[in-house]
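Here's the letter readout for the chains.
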Amino acid sequence: MTCALEHFTATVAAQLMRREDWNAQMNDPVMRKMWLWHAIEESEHKSVCYDTYQKLYKDYPTRASAMVIAWSILAVVLADQQVRLMAKDGQLFNGKSWLKGMWSLFGYKGFISQQALPLLDYFRPGFHPEDHYSDDLEQKYKELLKFEG
Ligand SMILES: [Fe+2]
C-alpha cells in the first residue's frame, strides 16, 4: 500500500510542479516553498519503496490489489477532509462552490483528471515509477526556489 501511495504522491507532486497555474495560487511564500520542496522530495524518492517491494516480493496481484485498497481509503479520507474544509469555510451547502471545486479537480484540464492516465499506469505489469520522468521539474524548482543539491 505504501508503494501505491508513493505513486499517488509522486504523481501529484509532478502535477503540482508542472501546473504553475495551481502552485501560483499559494499566496503565502513560505507555504508555497514548503509545498514545492515537498513535491521535489516526493518526486525524488518515488522509486525507493517500489524497488524494495520488487526486490523482496515482485508480486503483481498483491501490488495491484493493494493499490485498489489504498486508493479507496485515500478517497474516503480526502472526501472527509474536503467536507470538513467546506464546512469550516461556510461553503458546505453552496452547490456552486462544490461544482467549481469539482470541475477544477475532475473537469477538463482538472488537477486530478489530468493525472488519470499516469495514476492508472501503476496497474501496468511492467510499470516502474521512473517511467514517469520528472528530473527536469525537480531541477527547475530547486533552481527556482534556490535549493541546493
Ligand atoms: Fe513519499
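For every chain, the first residue of the written sequence is number 1, and numbering continues from 1 along that sequence. Thresholds applied to this predicted model are a pLDDT of at least 70 for local features of residues and 80 or more for the giving and counting of side-chain atom pairs; totals over whole chains, interfaces and linings are not thresholded and use all residues. Values reported for side chains reflect all heavy atoms of the structure, with hydrogen atoms and water molecules removed beforehand.

Draft legend 1. Looking closely at the coordination of the iron ion. For Na, K and Ca the donor cut-off is 3.2 Å; for every other metal, N, O and S atoms count as donors within 2.8 Å. Water does not enter the count, which can leave sites looking incomplete. Coordination sphere of the iron ion, protein contribution only: Glu6 (OE), Glu6 (OE), Glu42 (OE) and His45 (NE2), at 2.1 to 2.7 Å. For the iron ion, all donor residues lie on one chain, and their spacing in sequence is E-x35-E-x2-H. What makes Glu42 buried here is its relative accessible area of 12%. Buried, partly exposed and exposed residues are distinguished by accessible area as a fraction of the type maximum, computed with a 1.4 Å probe on protein chains only: under 20%, between the cut-offs, and over 50%, respectively.

Draft legend 2. Summary view of helix H1 (residues 2-18). Each helix is a run of H or I in the DSSP string that is no shorter than four residues. Each strand is a run of E no shorter than two, and both are numbered from the N terminus. The span you would expect from a helix comes to 1.5 Å times its residue count less one. Here H1 is 17 residues long and its end C-alpha atoms lie 24 Å apart, about the 24 Å a rise of 1.5 Å per residue gives. Judged by how many residues are buried, H1 sits mostly within the fold: 12 of 17 residues are covered. By the burial criterion, the buried members of H1 are Cys3, Ala4, Glu6, His7, Phe8, Ala10, Thr11, Ala13, Ala14, Gln15, Leu16 and Met17. Contacts were defined at the residue level, with two residues in contact if any of their heavy atoms lie within 4.5 Å. Looking at the packing, one finds that the buried side of H1 touches helix H2 (20-23), helix H3 (29-44), helix H4 (48-56), helix H5 (60-88), helix H7 (116-120) and helix H8 (135-144).

Draft legend 3. Region of the structure containing the confidence of the model for the chain. Here the chain averages 94 in pLDDT, and 99% of its residues register 70 or above. pLDDT measures how confident the predictor is about each residue, on a scale from 0 to 100. Put simply, H2 is where the chain has its lowest mean pLDDT, 86, and H4 is where it has its highest, 98.

Draft legend 4. Just the packing of H1 against H3, in detail. In this analysis, axes come from line fits to C-alpha atoms, helices being fitted only over the stretch in contact, and the angle between any two N-to-C directions falls in the range 0 to 180 degrees. In the contact formed by H1 and H3, the axes pass within 8 Å of each other and the chain directions differ by 130°. Taken together, H1 and H3 sit at an angle that is classed as oblique. The two elements H1 and H3 meet at a crossing, and its hand is left-handed. Packed against H1, whose contacting residues are Glu6, Thr9, Ala10, Ala13, Leu16 and Met17, the element H3 presents Trp35, Leu36, Ala39, Ile40, Glu42 and Ser43 at the interface. The nonpolar class holds Ala, Val, Leu, Ile, Met, Phe, Trp, Tyr, Cys and Pro. Asp, Glu, Lys and Arg form the charged class, and all remaining residues, Gly among them, are polar. Across the contact of H1 with H3, the residue classes break down as 8 nonpolar, 2 polar and 2 charged. If an angle is under 35 degrees, it is roughly parallel; if it is over 145, roughly antiparallel; if it lies from 65 to 115, roughly perpendicular; otherwise it is oblique. Left-handed describes a crossing whose near helix is turned anticlockwise from the far helix through less than a right angle; right-handed describes the clockwise counterpart.

Draft legend 5. Molecular detail of unusual backbone geometry. Positive phi values are uncommon outside glycine, yet Lys58 reaches one of about 50°. Structurally, the position occupied by Lys58 is in the loop between H4 and H5. Taking the relative accessible area as the measure of exposure, Lys58 reaches 63% and is therefore exposed. Within the chain, Lys109 stands out as a residue other than glycine whose phi angle is a positive 60°. Relative to the helices and strands, Lys109 resides in the loop between helix H6 (95-106) and H7.

Draft legend 6. Examining the pattern of salt bridges more closely. Salt bridges are counted wherever a side-chain nitrogen of Lys or Arg sits within 4 Å of a carboxyl oxygen of Asp or Glu. Per the counting criterion, the structure on display carries 6 salt bridges. A salt bridge links Asp121 to Arg124, with the shortest nitrogen-to-oxygen separation between them at 2.6 Å. Each of Asp121, Arg124 and Asp131 takes part in one network of salt bridges that share partners.

Draft legend 7. Expanded view of the packing of aromatic side chains. Stacked, edge-to-face and tilted are the three classes for Phe, Tyr and Trp ring pairs, Trp counted by its six-membered ring, which pair at centre distances within 6.5 Å; planes under 30 degrees apart are stacked, over 60 edge-to-face, the rest tilted. Per the stated rule, a full pass over the model turns up 7 aromatic pairs. Each ring, one from Tyr122 and one from Phe123, has its centre 6.4 Å from the other, and the planes form 85°; the classification is edge-to-face. Counted as over-ring charges are cases with an Arg CZ or a Lys NZ within 6 Å of the ring centre that also lie within 35 degrees of the ring normal. We note Arg63 situated over the ring of Tyr122; from NZ or CZ to the ring centre the distance is 4.8 Å.

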